[in-house]
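Spelled out, the chains give:
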Number of protein chains: 2
Amino acid sequence: MSNNKKFVEEITSREEDYTKWYTDVVKKAELMDYSAVKGCMILKPRGYAIWENIQKILDKRFKKVGVENVYMPMFIPESLLQKEKDHVEGFAPEVAWVTHGGEEKLQERLCVRPTSETLFCDLYKDIIHSYRDLPKCYNQWCSVVRWEKTTRPFLRSSEFLWQEGHTVHATHEDAEERTIQMLNVYSDFAKEILAIPMIKGKKTDKEKFAGAESTYTIEALMPDGKALQSGTSHNFGDGFAKAFGIQYTDNNNKLQYAHQTSWGVSTRLIGAIIMVHSDDAGLCLPPKIAPTQVCVIPIQQKKEGVLDKANELLDSLQDADIRATIDDSDKSPGWKFSEAEMCGVAIRIEIGPKDIEAGKCVIVRRDTREKIDCSLDKVVETVQETMDKMQSDMYDKAKEYLDSHINDATNYEEFVKAIDEKPGFIRGMWCGSVECEEKIKEDTTATSRCMPFEQEEIATTCVCCGKPAKKLVYWGKAY
Amino acid sequence: MSNNKKFVEEITSREEDYTKWYTDVVKKAELMDYSAVKGCMILKPRGYAIWENIQKILDKRFKKVGVENVYMPMFIPESLLQKEKDHVEGFAPEVAWVTHGGEEKLQERLCVRPTSETLFCDLYKDIIHSYRDLPKCYNQWCSVVRWEKTTRPFLRSSEFLWQEGHTVHATHEDAEERTIQMLNVYSDFAKEILAIPMIKGKKTDKEKFAGAESTYTIEALMPDGKALQSGTSHNFGDGFAKAFGIQYTDNNNKLQYAHQTSWGVSTRLIGAIIMVHSDDAGLCLPPKIAPTQVCVIPIQQKKEGVLDKANELLDSLQDADIRATIDDSDKSPGWKFSEAEMCGVAIRIEIGPKDIEAGKCVIVRRDTREKIDCSLDKVVETVQETMDKMQSDMYDKAKEYLDSHINDATNYEEFVKAIDEKPGFIRGMWCGSVECEEKIKEDTTATSRCMPFEQEEIATTCVCCGKPAKKLVYWGKAY
């Protein structure tokens, strides 16, 4: 018990210092480490395992909707990056430039991809000729580089892992349909697997992706009341197609420009999972994404039969495809309990001589710490049920938090006060002018997060300027 | 049938021009494409799918032997690269240098990783303190960059995908054991999954990895008689540990330097698969690695019931976890047959009205083109058996080729003649001097491929200088 305390005392409480709590959890659960290169992270085994689970599940869902994986080079020649005007303006200030290969100076600078629209376009212009070649739905899992001044683990770093899907379609409608379809893949995944509810909507022109016609977003709410943009899906219209010359002959033998989309999520999702679900005891992960779903912890493991029984349990869990481990190290049970809690093990099973005598073990949920006595012949199904319950409870809790942190404002006074006093999203009507977005940002640091799909008219005038309103917007401070 | 011919006529025969045949297969099967950056490849869906299968199977085998995945930054500060003398000398001439981040010139140049020993060492020095922290067995799947002057699809490119494992151990023996263990993981994988027999052995000092104490290799033989180094495993001893200060306290509380290994295979394996198994009709892949194991091709598909039956077949194959597709496009059956052959579909199933009437279909193996009549109620098991047979036949054929292309030479005249006239490996004794290796390379372009684990004394004197011999060596021209 004293060990237990000692272990947990090493992390700052959320109340004391939220930012420090986050960094402590990330470091103490051994998810990542900083590297010799400023702003670049090392994903350690426990952190990378979360990303592997994200990849595995999302990749299956992508393939189900007809997406194929490819790999594009990591370098983009400067001239290629410059082909689409808005795009280069958005990214050029934050890219890393390669100027030398070996001893020789390169004839043309290459940037390390900050995103790969230009490379995909350069391929698509060569392989798309006829309407029969459409649609093309390619995706890649890779890392990208954006030179950041200030960085935070998983949330913002100079290099990060992500996936980027790039699709080409015959018509604007087909592209729009795919844009929304992939946004829904993301929000369903966040809900069902990460237990995170998302606000879905469209970005304002000011906040959209460099080169996009429309950008759609999923926005999550963190416990400190800040929004986290967690995934985006862009409809490019035919802008890139015109810049790169991606044309096809339609079934009337007429030459047409293609329509394109792109969409991505990154290791930032890991930041969202950590913040939404964890607590002062450390990392808490929804069972569906937890690298370790169950840790069996033997009590008085030197007593005859305890380790045998514990290993028997482990085998039956693993046979049922549950990601289970055993902690049979020589640390004290109390230490093992708090270590399992710190590292985001979804469920621990305590089993000692007395339990074995009574033909039972104790199942402990990480999120609620609820203890469930379980007959030894029902462990697999009870663990399965407990994980299902935990998964849905964690979502419900996060949803309740989100719902109770959305407030409305109908005039500027209310708005400024709400941003200041009520952490979370503030719903407010908007006239559509970038000036109001800029004023709000300057006055409050809040930004327009999205125009939700489900529009309502909570007032008739803009929350900022008082002129006639066009759209309901979710506003908030953001990461 | 005329379509069939036309399709196949587009690739050069192996006899006519082996190099062009290889490039034709790679392009025509749509495995890869060149990109706007010289020497960098695009892996297209069919090529990347092979890599995904390699990854999936190898990764499972790595995890079974205790390897954990991580992700390290892609950049290495110049000062870090320089910490191990031999290592920097080996790699500095071929790395890409990042000099600017955004608009600013960097204080220190960063190289894009050509391999990540230095980054792993920089992490290990911080996280290894006690013998309890050992071993550490990390691996990452990523891309690396080595600025190459001449490139060939999959075999040599400026950026390529690979995995690099990096482990740390308490003793030299533990490190050596891991080095050999991983080499065996590679050669077993090549044999069982890729149907490629490998010669296993140790590299001479001249050919070993920059910074390694010993390098072990698996060498495959290509149909043009050239060797392809297909995977390597290095024992670093404590060289890197001393350069980076990776020390631990042993169980006598004494400070010791750690011992390290690294090991990797790359997309080069795809080049080996293509060359070893393919033919003038295009790509041929062993069923265990083929992205499409079965393609169902309906004949006279507009006749009633044909498509239904074909789709029924497809479903039953997919339900049995066989990677199956259907080609129900409006192309002619002949065209579909040759397209399936070109693209490396392991087995095609032909099913038309007459077959259905007779309650059967026709199973065609890609490698031998053998046709097997199969009752419709036995398709899944027959496909399964046929794939197993095909997999082992393909290995046997490759093994027979390898065995019949290993020749011995006992003096220099024999040796030079053999290298010239007998494509394949030449076995010859070696005195151990780098001068003989250099002379052989200059005279014949052949290099020492490895000193095989199974040593024999086929002569007592060096095949080059005639002095007393120390080792049996496999020599050959190499990619």
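Because the structure is predicted, anything quoted here is derived from the model rather than measured. Each chain carries its own residue numbering, running from 1 in the direction its sequence is written. Each chain takes a letter, starting from A, and each ligand takes a number, starting from 1, following the order in which they are written. Given that this is a predicted model, residues contribute local features only at a pLDDT of at least 70 and side-chain atom pairs are listed and counted only at 80 or more, while totals for whole chains, interfaces and linings are drawn from all residues. Values reported for side chains reflect all heavy atoms of the structure, with hydrogen atoms and water molecules removed beforehand.

Engineer: Just checking my understanding: could you explain the relation of the copies chain A and chain B for this structure?
Structural biologist: The fit set for superposing copies consists of C-alpha atoms from residues with pLDDT of at least 70 in both; the fit itself is least squares. Take chain A, turn it by 180°, move it 0.0 Å along the axis, and it overlays chain B with an RMSD of 0.0 Å. The superposition of one copy onto the other is thereby described by a two-fold rotation axis. Among all C-alpha atoms of chain A, that of V98 of chain A lies closest to the rotation axis, at 2.1 Å. A share of 100% of the interface residues of chain A reappears at the interface of chain B, consistent with the copies meeting face to face through the same patch. Contacts: residue pairs with any heavy atoms within 4.5 Å of one another.

Engineer: Where do I start with the interface of chain A and chain B in this structure?
Structural biologist: It is common to give the size of an interface as the accessible area lost on bringing the parts into contact. With 52 residues of chain A at the contact, the number on the chain B side is 52 residues. Between chain A and chain B, roughly 4200 Å² of surface is buried when both sides are summed, and carbon and sulfur atoms account for 64% of that area. Salt bridges, as used here, are contacts in which a Lys or Arg side-chain nitrogen is within 4 Å of a carboxyl oxygen on Asp or Glu. In this assembly, chain A and chain B are joined by 4 salt bridges. When residues in the side of chain A that touches chain B are grouped by element, the largest group, 6 residues, is from strand β5 (residues 96-101) of chain A. Residue composition of the side of chain A that touches chain B, grouped by class: 31 nonpolar, 7 polar and 14 charged. If DSSP finds at least two bridges between two strands, the strands pair. Secondary structure elements are defined from DSSP: runs of H or I of at least 4 residues count as helices, runs of E of at least 2 residues count as strands, and each element is numbered from the N terminus. Sheet analysis places β5 of chain A next to strand β5 (residues 96-101) of chain B, joined by 5 bridges and oriented antiparallel. Within β5 of chain B, the residue paired with H100 of chain A across the bridge is W97 of chain B. In this description, buried area is defined as the sum, over both parts, of the accessible area (probe of 1.4 Å) that is lost when the two are combined. Side-chain classes follow a simple rule in which Ala, Val, Leu, Ile, Met, Phe, Trp, Tyr, Cys and Pro form the nonpolar group, Asp, Glu, Lys and Arg form the charged group, and the remainder, Gly included, forms the polar group.

Engineer: Got a minute to help me understand the pattern of salt bridges in this structure?
Structural biologist: It is possible for side chains of opposite charge to pair when their charged atoms get near one another. Summed over all chains, the structure comprises 76 salt bridges over all chains. Where D355 of chain A meets K360 of chain A, a salt bridge forms, and the shortest distance between an N and an O atom there is 2.7 Å. Only protein chains enter the accessibility calculation, which uses a 1.4 Å probe; a residue whose area is less than 20% of its type maximum is buried, one above 50% is exposed, and one in between is partly exposed. Overall, D355 of chain A belongs to the buried group, its relative accessible area being 12%. Across the pair R365 of chain B and D367 of chain B runs a salt bridge whose closest N-O atoms are separated by 2.7 Å. The buried category is assigned to R365 of chain B, whose relative accessible area is 3%. A network of salt bridges, in which partner residues are shared, links D279, E341, R348, E350, R366, R369 and K371 of chain A.

Engineer: What should I look at first to understand the sheet that holds strand β21 (residues 425-430) of chain B in this one?
Structural biologist: Sheet strands associate in pairs through backbone hydrogen bonding, adopting either a parallel or an antiparallel arrangement. Ordered by their spatial adjacency, 11 strands build an open sheet running β3-β7-β8-β14-β11-β10-β9-β22-β23-β21-β20 (chain B), and the pairing between neighbours is mixed. Only two strands of the sheet have a single neighbouring strand rather than two, namely β3 (68-69) and β20 (406-408) of chain B.

Engineer: Could you clarify how one ought to interpret the packing of helix α3 (residues 45-64) of chain B against helix α9 (residues 268-277) of chain B in this entry?
Structural biologist: Helix packing for two helices is described by the angle between their axes and how far apart those axes are. Residues and elements named next belong to chain B. Here, axes are lines fitted to C-alpha atoms. For helices the fit covers the stretch in contact, and angles between N-to-C directions go from 0 to 180 degrees. One can describe the packing of α3 onto α9 by two numbers: an axis separation of 10 Å at closest approach and a directional angle of 110°. Classified by the angle their axes make, α3 and α9 are roughly perpendicular. From α3, G47, I50, W51 and I54 reach across to α9, where they touch L269, I270 and I273. Here the residues of the contact of α3 with α9 are counted per class, giving 6 nonpolar, 1 polar and no charged. Roughly parallel means an angle under 35 degrees; roughly antiparallel, over 145; roughly perpendicular, 65 to 115; everything else is oblique.

Engineer: Even after reading the chapter, I still don't get the confidence of the model for chain A, so can you show me in this structure?
Structural biologist: Reading predicted coordinates in detail is not appropriate for stretches of low pLDDT. This prediction gives chain A a mean pLDDT of 96; 98% of its residues lie at or above 70. Both scores are given for the predicted complex: the pTM is 0.96, the ipTM 0.95. Looking at any residue, its pLDDT shows the predictor's confidence there, from 0 to 100.

Engineer: Sorry, what's going on with helix α10 (residues 306-319) of chain A here?
Structural biologist: One full turn of an α-helix is made of 3.6 residues, so residues set three or four places apart face in the same direction. Residues and elements named next belong to chain A. Here the expected length of a helix is defined as 1.5 Å per residue gap, with one fewer gap than residues. Here α10 contains 14 residues, and its C-alpha end-to-end distance of 20 Å stays within 8% of the 20 Å for a straight helix at 1.5 Å per residue. Buried residues along α10 sit against β15 (294-298), β16 (324-326), β17 (347-351), α12 (353-357), β18 (360-365) and α13 (379-403). D321 occupies a position one or two residues after α10 and carries a positive phi of about 65°.

Engineer: Would you explain the nonpolar core in this entry?
Structural biologist: Nonpolar side chains in soluble globular proteins tend to end up buried together. The biggest cluster of nonpolar side chains holds 187 residues, and the ones touching the most others in it are F75 of chain A together with F75 of chain B. With residues up to four places along the chain from it excluded, the contact list for F75 of chain A reads V98, L110, C111, V112 and L119 of chain A together with V37, C40, A96, V112, V145 and W147 of chain B. To qualify as a nonpolar core, a set must consist of buried Ala, Val, Leu, Ile, Met, Phe, Trp, Tyr and Cys residues joined through side-chain atoms within 4.5 Å.

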